[in-house]
Amino acid sequence: MPKSDPSPQAEPGTTEVPLVWRPVGDAGISDDLDEHNAAVVDAFARMIKAGEKDAVKRAIRRWPPQHLLALIVHLPLKRARKLFGWLDKLQTRVVAELNPAFRSALLEDCTVQRLVDVLDGMEPEDAADQLDDLPEEVEAQVLPRLKHGAAIESLRDYREESAGSIMSRKFVAVPPDWTVGQVTHDIRANARAIEKLYAVYVVDAEHHPLGYLRLRDLLLSPKEARLGDVMSTDFVAVGPDTDQEEVAAIADRYELSVVPVVDADGRLIGRITPKQLRRVLREEAEEDRNLMAGLPADTRPDESIGRIVRGRIPWLLIGLVGASLSATVVGAFEDQLAKAAILASFIPIVMSMAGNAGIQASTVAVQGLSTGTVKFADLGWRLMKELLAALANGAIAALVLVALVIGVAQVMDFDAPMVLAAGAGLSLLTVVVVAVTVGATIPIVLDKLGIDPAMATGVFITTGNDILSVMIFFLMMSLFYLPLLP
């Protein structure tokens, strides 16, 4: 991390804090600010509020991008927007590294020309994503002014969240009869156009990929060696319509740092860089987390109150319906509760255990599906594995519950305490096994049907297991315990 030169002080009377960011960790950004950096943020917030543009620009003139990014992230949003408007053209490129949700909020009030300056500093695939977050009327004004407008338009022709929509059209492709020396010379000659080089692709006259060379191959091979003789031919590519989640799974499966993209005729048209792969993994993880929490997949922290209500109320209402069904099931056993009120104390136990066991099994299933390690064909084997684990876990939990019931029975006067304990333990064991079966199976079946399996781990599995657990418990008690009561 480069060290910043001592930054100038703010105008007299404004602040006495040295306006230098002290990096925390490798990136210089941390959710928790230390005392010094918190004071720096406060000082800049006051200066920005007071309109001290020249003083602020002098203070940040020699700041490295990482420190400037950290300041923008930690400033109040209103102040961050104002600071962003004061930055010069080079400094605005920092915004390209911001979290997409924060970036959208930051750019919300920008002028069209400022947006053009920012988007021109981004890669086309990043700019295309940012345009998707802008209102249509603003997008219509910005897109024609962008220097990479044609490339952005071509990316947006592909389906959203597909390989084509996130690929970069910049790559190095050479014929097989070139030598290693020719390639390295050509790369040096075009160094400015080649920003980041991960692999050199070898293609035929029609641009069909024949193989590739990694950087180590270029460094270790003789200069006179033909590329066709030293290239690797274990070429793995995806089509432009491949879903980005599947692209990430393929990259993980084959340990690819960059994924080439070919069109329907097998011609090389682009590549998906490590930066895009990391972003895909982050986005997919965020979507799954939102769905598992009963939120819309595209939930963002900067949403308006109206959007928050519209996005969440359907799931809350579904949960309300599920809870009502659970209450109806409990009400159906009113006579049993009247005969043995002690049974009511076990309802939250079986419902909680069913919910936890189901969520655990479904979460593992969703993770396996997202990484490609779990397939529909594995359903039988996976279900057997989960059942064996559920039997072990259920048995342990049941024994603990039996011991607790017997212990409490020494203090309180229960009818047939041993039978009550045995029935409660058997019910708990059955509930855990059923909940795990449901949790492990439903996500895989939904994935087979083309439905996002993460949706299963939220309201649906939790509510379903609540209903099943209550029914199982009362049926067990009706068979074993209630007949013994006077």
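The present account deals with the structure reproduced in this document.

Criteria and cut-off values
- Sequence order as written defines the numbering, with residues in each chain counted from 1.
- Local features in this predicted model are restricted to residues whose pLDDT is 70 or higher, and side-chain atom pairs enter the listing and the counts only when it is 80 or higher, whereas totals over whole chains, interfaces and linings include all residues.
- Side-chain calculation: all heavy atoms of the structure are included, whereas hydrogens and water are not.
- By definition, any uninterrupted DSSP run of H or I lasting at least four residues is a helix, any uninterrupted run of E lasting at least two residues is a strand, and each is numbered from the N terminus.
- Relative accessibility decides the category of a residue: with a 1.4 Å probe and only protein chains considered, values under 20% of the type maximum give buried, values over 50% give exposed, and everything between is partly exposed.
- Only heavy atoms matter for contacts: two residues are in contact if any of them lie within 4.5 Å across the pair.
- Where accessible areas are quoted, they stem from the Shrake-Rupley method and a 1.4 Å probe; at the residue level, only the protein chains shown are allowed to cover.
- A helix is expected to span 1.5 Å multiplied by its residue count minus one.
- One requirement defines pairing of two strands: DSSP has to find at least two bridges between them.
- The convention used is that axes are lines fitted to C-alpha atoms, helices contributing only their stretch in contact, and that angles between N-to-C directions extend from 0 to 180 degrees.
- Only buried residues count toward a nonpolar core. Its members are Ala, Val, Leu, Ile, Met, Phe, Trp, Tyr and Cys residues joined through side-chain atoms within 4.5 Å.
- Two aromatic rings from Phe, Tyr or Trp, using only the six-membered ring of Trp, form a pair when their centres are within 6.5 Å; if the ring planes differ by under 30 degrees the pair is stacked, by over 60 it is edge-to-face, and anything between is tilted.
- Here roughly perpendicular refers to angles of 65 to 115 degrees, roughly parallel to angles under 35, roughly antiparallel to angles over 145, and oblique to all remaining angles.
- Put simply, a crossing is left-handed when the front helix is turned counterclockwise from the back one by less than a right angle, and right-handed when it is turned clockwise.

## Side note on the overall build of the protein
Argument step 1. If you tally the helices and strands in the protein, you get 21 helices and five strands.
Argument step 2. Out of the 486 residues belonging to the protein, those deemed buried represent 45%.
Argument step 3. Considering only intrachain contacts with a sequence separation of at least 6, the fraction spanning at least 24 residues in the protein is 66%.
Argument step 4. When the accessible surface of the protein is summed, it comes to about 25,200 Å², and 58% of that surface belongs to carbon and sulfur atoms.

## A look at helix α1 (residues 35-49)
Argument step 1. For α1, built from 15 residues, the straight-helix expectation of 21 Å at 1.5 Å per residue is met to within 8% by its first-to-last C-alpha distance of 21 Å.
Argument step 2. Three or more residues of α1 are buried, namely His36, Asn37, Val40, Val41, Ala43, Phe44, Ala45, Met47 and Ile48.

## Remarks on the sheet that holds strand β2 (residues 199-203)
Think of a sheet as strands paired side by side through backbone hydrogen bonds, with each pair either parallel or antiparallel.
Argument step 1. In space, the three strands of this open sheet follow the order β1-β2-β3, with mixed pairing throughout. The open sheet has two edge strands, β1 (172-174) and β3 (209-214), and neither has a second partner. Pairwise comparison of adjacent strand axes, ignoring direction, gives a mean angle of 30 degrees for this sheet.

## With respect to the pairing of strand β5 (residues 268-272)
Argument step 1. Counting buried residues along β5, five of its five residues qualify, which places the element largely inside the surrounding structure.
Argument step 2. As paired strands, strand β4 (residues 259-262) and β5 are joined by four bridges and run antiparallel to one another. From the neighbouring strand, Val259 faces β5, where its bridge partner is Ile272.
Argument step 3. Linking β4 back to β5 in an antiparallel pair, the connection comprises five residues, with Gly266 at a positive phi of about 80 degrees.

## Thoughts on the pairing of β2
Argument step 1. Burial within β2 is extensive, with five of its five residues counted as buried.
Argument step 2. Residue alternation in β2 divides its side chains into two sets, Ala199, Tyr201 and Val203 and Val200 and Val202, and both sets are buried.
Argument step 3. Alignment of β1 against β2, held across three bridges, turns out to be parallel. Pairing of Ala173 across the sheet is with Tyr201, part of β2.
Argument step 4. Across five bridges, β2 lies against β3 in antiparallel orientation. Among the inter-strand pairings, Val202 is bridged to a residue of β3, identified as Gly211.
Argument step 5. Linking β2 back to β3 in an antiparallel pair, the connection comprises five residues, with His207 at a positive phi of about 75 degrees.

## Quick notes on the nonpolar core
Argument step 1. Grouped together as the largest cluster of nonpolar side chains are 41 residues, with contacts concentrated most on Phe44, Ile60, Leu71, Leu75 and Leu83.
Argument step 2. Of all the secondary-structure elements, those providing two or more residues to this core are α1, α2 (53-60), α3 (65-74), α4 (77-86), α5 (100-107), α6 (112-120) and α7 (124-132).
Argument step 3. Ranked by residue count, the leading element in this core is α1, at seven residues.
Argument step 4. If sequence neighbours within four positions are ignored, Phe44 has contacts with Leu19, Val56, Ala59, Ile60, Trp63, Leu71 and Leu75.
Argument step 5. Phe333, Ala340, Val405 and Phe474 belong to the second-largest nonpolar core, a separate cluster that totals 35 residues.

## Some words on the packing of aromatic side chains
Argument step 1. Counting across every chain of the model gives seven aromatic pairs.
Argument step 2. Judged by centre distance (5.5 Å) and plane angle (80 degrees), the rings of Phe44 and Trp63 are edge-to-face. Taken together, the residues Phe44 in helix α1 and Trp63 in the loop between α2 and α3 connect sequence positions 19 residues apart. Pair check on accessibility: Phe44 and Trp63 agree, each one buried.
Argument step 3. Both rings, one in Phe473 and one in Phe474, keep their centres 5.4 Å apart while their planes meet at 70 degrees; by these two values the pair is edge-to-face.
Argument step 4. What makes Phe473 buried here is its relative accessible area of 1%.
Argument step 5. With relative accessibility at 0%, the residue Phe474 sits in the buried group.
Argument step 6. Among the aromatic side chains, those forming a connected cluster through ring pairs are Phe171, Tyr201, Tyr212 and Phe235.

## A short note on the packing of α7 against helix α9 (residues 149-156)
Argument step 1. Running from N to C, α7 and α9 point in directions that differ by 70 degrees, and their axes come no closer than 9 Å. What the angle tells us is that α7 and α9 run roughly perpendicular. Both α7 and α9 take part in a crossing whose hand is right-handed. Counting all contacts with α7, which are made through Pro124, Glu125, Ala127, Ala128, Leu131 and Asp132, the residues of α9 involved are Ala151, Ile152, Leu155 and Arg156.

## Quick notes on the environment of Gly368
Argument step 1. Take Gly368: it is sitting in helix α18 (residues 347-371).
Argument step 2. In sequence terms Gly368 and Ile444 are 76 residues apart; their C-alpha atoms lie 9.5 Å from each other.

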